[in-house]
Every structure is written in structure tokens, then in C-alpha cells.
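Each chain, written out:
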Amino acid sequence: MLTNPKMPLDILQGEAEKSAGEDMQTSIFAVAKEFSDFMASTLGPQSLHKMIVEQDRWAYIVTSDGETILQRFDLMQFKAKHPVARLMVELSKAQDYDLGDGTTSTVVLAGHLLKEAEKLVLMGLHPNTIAQGYKVALKQALVYAKELASPTTRDNLLRVAMTALDTKYTSVSKEQLSKMVVEAIMRVSNDGKERADPKDVHLVRRKGTGVLHSTLYHGFIVEKKMLDDSMPERMENAKVAVIDVPLTVKRYAGIFGDNPLHEVEIKDVDGLKAHREEEKAILRDMFVKLRDVGADCVISRKLIDHRIGRWMAKEGIIGIQAIPTKDDLKRLSKAVGARIISDLETIREEDLGFADSIEEKRYPDKETLIFIRNKHANTVTILLRGGAHHVISEVERGMKDAIHATSNALNGGWILPAGGACEVAIAERLRRYALTLSDKRQLAVQAFADALEGIPRTLITNSGMDQVKILMDLRRTQREKGPSYGFDANIREIRDMMEAGIIEPLSLKESVYKGAFETADTLLRSESVIYGRVFESRIKSELKKKRER
Ligand SMILES: Nc1ncnc2c1ncn2[C@@H]1O[C@H](COP(=O)(O)OP(=O)(O)OP(=O)(O)O)[C@@H](O)[C@H]1O
Ligand SMILES: [Mg+2]
């Protein structure tokens, strides 16, 4: 006998609660469905927006961008308090982190996989069998996706950018913006010869005029102004020193601290004068080092003493202080090809970077310094212009998707027809493949196919059309004319998406399918949730113990 019959069978002590078995599964399916339905209306070019109001700040966001919506879940702590919803948020955010796009599709597909799984569970299939079937289906789906893909060419890169931008921002300027994106990606990838890193393409926004006045700069933009008004507003062929040490006499601990580092006893006026002279000599020495090494522009992440600023201005040197973050400093140093100096004693001419031009521009909302480097530039910046805050924000999110989509297409080398074309084609093949399986996994593979079609169904519904009728038409058209036919939500018609240039990167699709499978798999295999409180004091003592070790 393992247990004493008199003992209660409750294995959890205290305030812990447990939700398990059928209860748990029902709640997984219900939450996953609700969550994916909530996100589904924002999928594709004709989707609806969500207006998120941050009540405490009186700020609002209008967006259809999956990542932005999910981020708010964290910041505002609404809704996602259910563990299943939290898990879906985490897994989908990982999707955007990896490829910069595809968040909404991942949530929607995961939701459909779980909806189909629920039907199978009700038929008596064990969740493990479903998960195994889904795994086989995913493997096959990835093979079929590759078979359907075409190589990326220079011509279709522009179409990839336009397709991605179109899902967030449709307007006359989309062609111009897409051209900018492709030029930017070609630039940072050395004309397609190297891997493109989307982080090398920066987006900044300034109020005013319209989106059509946006510009691509081969270089970097910092939100700063020059240290002194008498410094040159524009300079050409400038040697740039990028430093990470304060150009001040350090009196206090920390830049803004008020704990004196040393005490000086001054007995009379001469003593004060001598002390001032000494300080001045130290500062002068710093200035002379920078001037003699040949710097025409000095950028520091820390502060620059006003006396150094004045000497710089007098000799026509540009000074910029307090660059907000270390990341900005790194990007800037990369843009001009400079080494970041952390010890002024070691500075040499080779450490300096170069800018074809440095220019201070005036915009109504923010200070702007533009560093241009035409040759060997590995950093570019797109300056977006626009009026209303929520419009320019959504353009920015669309541009981010376009930058990622274009670099994914270039790096991965393959593209697929969009608008649900590949999901319908893969579903068709999966259904045929399912018939070759003789066990219960056959049902799960079919369910995976049905779930994949959840993507075109959503795209069709979001454009206000009848999803059942159009999906049937689409299946028939693909059988008659080929797998490149999809549903163009903008004209609400079925058409050859490859011919129409509505295309997206294969790597993005692969990642969406994998991400959705992982989410569904994790949830299907979860048998129980244990709710309990973590005591703050216990966390603190654990942390303390760790530190001491
Ligand atoms: N013209 C079009 N007609 C129909 N569907 C389209 C069209 N252009 C793109 N799509 C589809 O839109 C979907 C992408 O939409 P969207 O960008 O809103 O979602 P996501 O990329 O999954 O998430 P997010 O961009 O919010 O991270 C893809 O399935 C794509 O095939
Ligand atoms: Mg997208």
C-alpha cells in the first residue's frame, strides 16, 4: 500500500491551485481560440486596426502590427493574464524578434491548429497522437513550401518590399518607399554580395510635409545639436573622433552625481586662481590631443566641458555631446568607420572615422544632425516625414516589415506567392500525403492542412468576402492553373500572385509554420497548470544567496 488511506490525497500545500485534465484542455482551446480570433482581424492588407489607449498617459496607438499589439499586452497588462495567452504572446514575440515580421500569422495559425486539435480530441484522439501528427505534417509542409518557392531576383525584391509595406500602409507613396527600402538593403549588403543585416537600416521620423518627402541617407542621423551655435552648420570631408569618456574635469562620482571625488583646500584668491588654471590646463590638454590628431568633429557619449566647446568652435571643430545610448554611439562609429575611444591618451589618427558631410538640419519636432558617408557606407538611414502621429507611426511599422522582408528574401534566396496561395497549395498536398499514412496521425495531418487554410480564410474574411465560396474557387483555380494563384485582398479577386508580384520570403513562411507548430505543440502537451504565489522575500533571499556563491 503506497498511501495511508487516512491521509488526504491533496499533494499541493498552501494556496496553490491546480487545473488539470479535461478542464485544463478546455481552457487551453478556449483561450487559444479567443486570442487568435482577437488577432485575426489585423491580418493582411485589408485588415482592421486596433486602437490601443494608454489611459494613464492619454496616449493612443492605432495599428494592425502584431508585435506592437502584443507588446502592449505586456506593458498594459490587459487580458494576457491567463497563462495560455501569456505563452502565446511570448512565443509569437519570439517570431518577430527572429525575423521582424509574421507575428499575426503565427498567432492565427497556432489558434487554428488548436481549434482543429480540439475537434480531434472530442473524437477521442490523444493529444500526444495529434502532436506527433502535426510534427509529421510540419516536416512535409516545409518540404512543399520549398518546392513551391522561386529564387529571389533583383527585380522581385522590390515586389517583396511592396507586399510587406502594403500590409500596413497603402498609399501612392508605397512604390517610392519600397524603392528606398531596396536601395537601403542593397547598400548594406554590398550590392547583394554579403548578408544584409536589417539593423544597419535605421528609421527616423520627423514631423511635417508628407510621406512623399521622405529621404534615404547613406549614413546616420543623431538627434542632437552642435555644442555651440558658432560651430559650422555644415562641414565636408570631416575626420570624426567618437569617444566614450567625459571631456571634463571629474569632480563628482558619476556624471550627475553629487559625491565629491576629492577635496581641495583653497586658502586665498591666488589659490583659487591657481586651481582654476590647473583645471584649464587639463582641459586644454584634452582639446589639444583631439585637435592635433586631426579631428574635425568630436562626438562624445559623455559631457564636454564648455571651455573645450569654445576652443573647438574657435578652431572650426564640431563638438557633439551626450549621445543618448551606447548603441547609438556604436552605430554612429560604424557609420563613419571610427574606433570608439575610451582612453584619450591612446587616440591615434587611424582611430578617426570619415564623413563626406555633416549637416545640422532643422525640423519642427527634433534636432537633427546628418552624417553622410558615400563610399564604403555600411549604415543607411531612412528619414520618414509625415503629419499625423498615428499615420507616421504605422508607416514606420510598415517600413520595418518591408526592411525585414527584403533582407529575409535576399539572405534566404527564395520567395513564395502571398495571399494564401502557398497555404492552399501546401494543404492540398498534405491531404494527399495524409492518405499514405495508415495510423491515426492521418487525421492530424489532415487537421494541419485545414488549419493552414485558416490563413487564406482570414485574409478573405478581413477583406469582407465570403470565405467559404472564395476558398472553394481558389482550390479549383489552383488545380486548373497552378499553385501560384492566391487571393488578392486589395482587388478582392483570385489572381496569379507571382505574376502580380505579390510575394513574400520563404524563410518568413517557414518560421511562421514552425513557430505556430511549437506553440500548439507546447499547449497540446500541457496537462495541468499549477497556480501559486511567489513570495517576494523568498526571491530576494534566493538572489542574495546566488550572488554570494
Ligand atoms: N495583396 C494581398 N492580398 C492578400 N493577402 C496578402 C496580400 N499581401 C500580403 N498578404 C498576406 O498578408 C499576410 C501578412 O499580413 P500581416 O503583415 O498583417 O501579418 P504578419 O506578417 O503575420 O504579422 P505582422 O506584420 O503584424 O507581424 C500574409 O499571409 C500575406 O500572404
Ligand atoms: Mg507582416
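As shown above, the structure is provided for reference.
What you see is a predicted model; the values in this text were computed from it and never measured.

So, how was this worked out
- Residues numbered from 1 in each chain as written.
- Chains lettered and ligands numbered in written order.
- Predicted model: local features only at pLDDT ≥ 70, side-chain atom pairs only at ≥ 80, totals over all residues.
- Heavy atoms only, no water.
- Pairing = 2+ DSSP bridges.
- Helix = DSSP H or I, 4+ residues; strand = E, 2+ residues; numbered from the N terminus.
- Contact = heavy atoms within 4.5 Å.
- Axes fitted to C-alpha atoms, helices over the stretch in contact; angles between N-to-C directions.
- Salt bridge = Lys/Arg side-chain N within 4 Å of Asp/Glu carboxyl O.
- Buried < 20%, exposed > 50% of the residue type's maximum accessible area, 1.4 Å probe, protein only.
- Phe/Tyr/Trp six-rings, centres within 6.5 Å; stacked < 30°, edge-to-face > 60°.
- Polar contact = N/O pair within 3.5 Å; in protein donor to acceptor, adjacent residues only side chain to side chain.
- Parallel < 35°, antiparallel > 145°, perpendicular 65-115°, else oblique.
- Left-handed = near helix turned anticlockwise from the far one by under 90°.
- Nonpolar A, V, L, I, M, F, W, Y, C, P; charged D, E, K, R; others polar.

Visitor: Now, about the sheet that holds strand β4 (residues 150-151): what can you tell me, with residues and values included?
Guide: With antiparallel pairing, three strands are arranged side by side in an open sheet as β4-β15-β18. Pairing within the sheet leaves two strands with one partner each, and these edge strands are β4 and β18 (503-505). Strand direction decides the pairing type here: strand β15 (residues 414-417) and β18, joined by three bridges, are antiparallel. Bridging across to β18, I415 finds its partner in P505. Strands β4, β15 and β18 of the sheet are contacted by helix α6 (residues 154-166), whose axis makes an angle of about 95 degrees with β18.

Visitor: Describe the pattern of salt bridges, listing the residues and the values that go with them.
Guide: What the rule picks out here adds up to 39 salt bridges. Between R234 and E359 there is a salt bridge, with the nearest N and O atoms lying 2.9 Å from each other. Of this pair, R234 sits in strand β8 (residues 234-243) while E359 sits in strand β12 (residues 353-362), and the two are 125 residues apart along the sequence. On the basis of relative accessibility, which here comes to 41%, the residue R234 falls in the partly exposed class. Across the pair E349 and K239 runs a salt bridge, and its minimum N-O distance is 3.1 Å. Residue E349 is located in the loop between β11 (340-341) and β12, and its partner K239 is located in strand β8; the two are separated by 110 residues in the primary sequence. A residue is classified by how much of its surface remains accessible, and E349, at 45% relative accessible area, is partly exposed. Linked through salt bridges whose partners overlap, the residues forming this network are D244, R301, K302 and K326.

Visitor: Outline unusual backbone geometry, listing residues and values.
Guide: Residue N190 is not a glycine yet carries a positive backbone phi of 55 degrees. Mapped onto the secondary structure, N190 falls in the loop between α7 (174-188) and β5 (201-207). Here N190 falls in the partly exposed class, since its relative accessible area comes to 37%.

Visitor: Explain the sheet that holds strand β14 (residues 380-386) to me, and be specific about the residues and the numbers.
Guide: As summarised here, the arrangement of the three strands in space is β5-β14-β6, forming an open sheet in which the pairing is mixed. A strand with exactly one partner marks an edge of an open sheet, and here the two such strands are β5 and β6 (215-217). Averaged over all neighbouring strand pairs, the angle between strand axes comes to 25 degrees, with direction disregarded. Here β6 pairs with β14 via three bridges, running antiparallel. Its bridge partner being in β14, L216 is matched across the sheet by I382. The strands that α7 touches are β5, β6 and β14; relative to β14, the one it contacts most, it runs at about 165 degrees.

Visitor: I'd like a rundown of the packing of aromatic side chains, residues and numbers included.
Guide: The geometry of an aromatic ring pair is captured by two quantities: the separation of the ring centres and the angle between the planes. Summed over the entire model, instances satisfying the criterion amount to two aromatic pairs. Between Y134 and F448, the aromatic rings sit 5.7 Å apart at their centres with planes inclined by 75 degrees, giving edge-to-face as the arrangement. Taken together, the residues Y134 in helix α5 (residues 127-148) and F448 in helix α13 (residues 441-452) connect sequence positions 314 residues apart. For the pair Y134 and F448, one class covers both residues: buried.

Visitor: Outline the environment of S189, listing residues and values.
Guide: Mapped onto the elements of the fold, S189 is located in the loop between α7 and β5. The exposure class of S189 is buried, given its relative accessible area of 0%. Sequence-distant contacts of S189, defined by excluding residues within four places in its chain, comprise E194, R195, A196 and L410. In this structure the side chain of S189 is engaged in a polar contact, spanning 2.8 Å, whose partner is the backbone oxygen of I185.

Visitor: Can you break down the packing of helix α4 (residues 103-122) against α13 residue by residue, with the values?
Guide: In contact at an axis separation of 8 Å, α4 and α13 are set at 140 degrees when each is read in the N-to-C sense. Here α4 is positioned oblique relative to α13, judged by the angle of their axes. α4 and α13 meet at a crossing whose hand is right-handed. Of α13, the residues touching α4 (which contributes L109, H112, L113, E116 and L120) are L443, A444, A447, F448, D450, A451 and L452. In terms of residue class, the contact of α4 with α13 is built from nine nonpolar, one polar and two charged.

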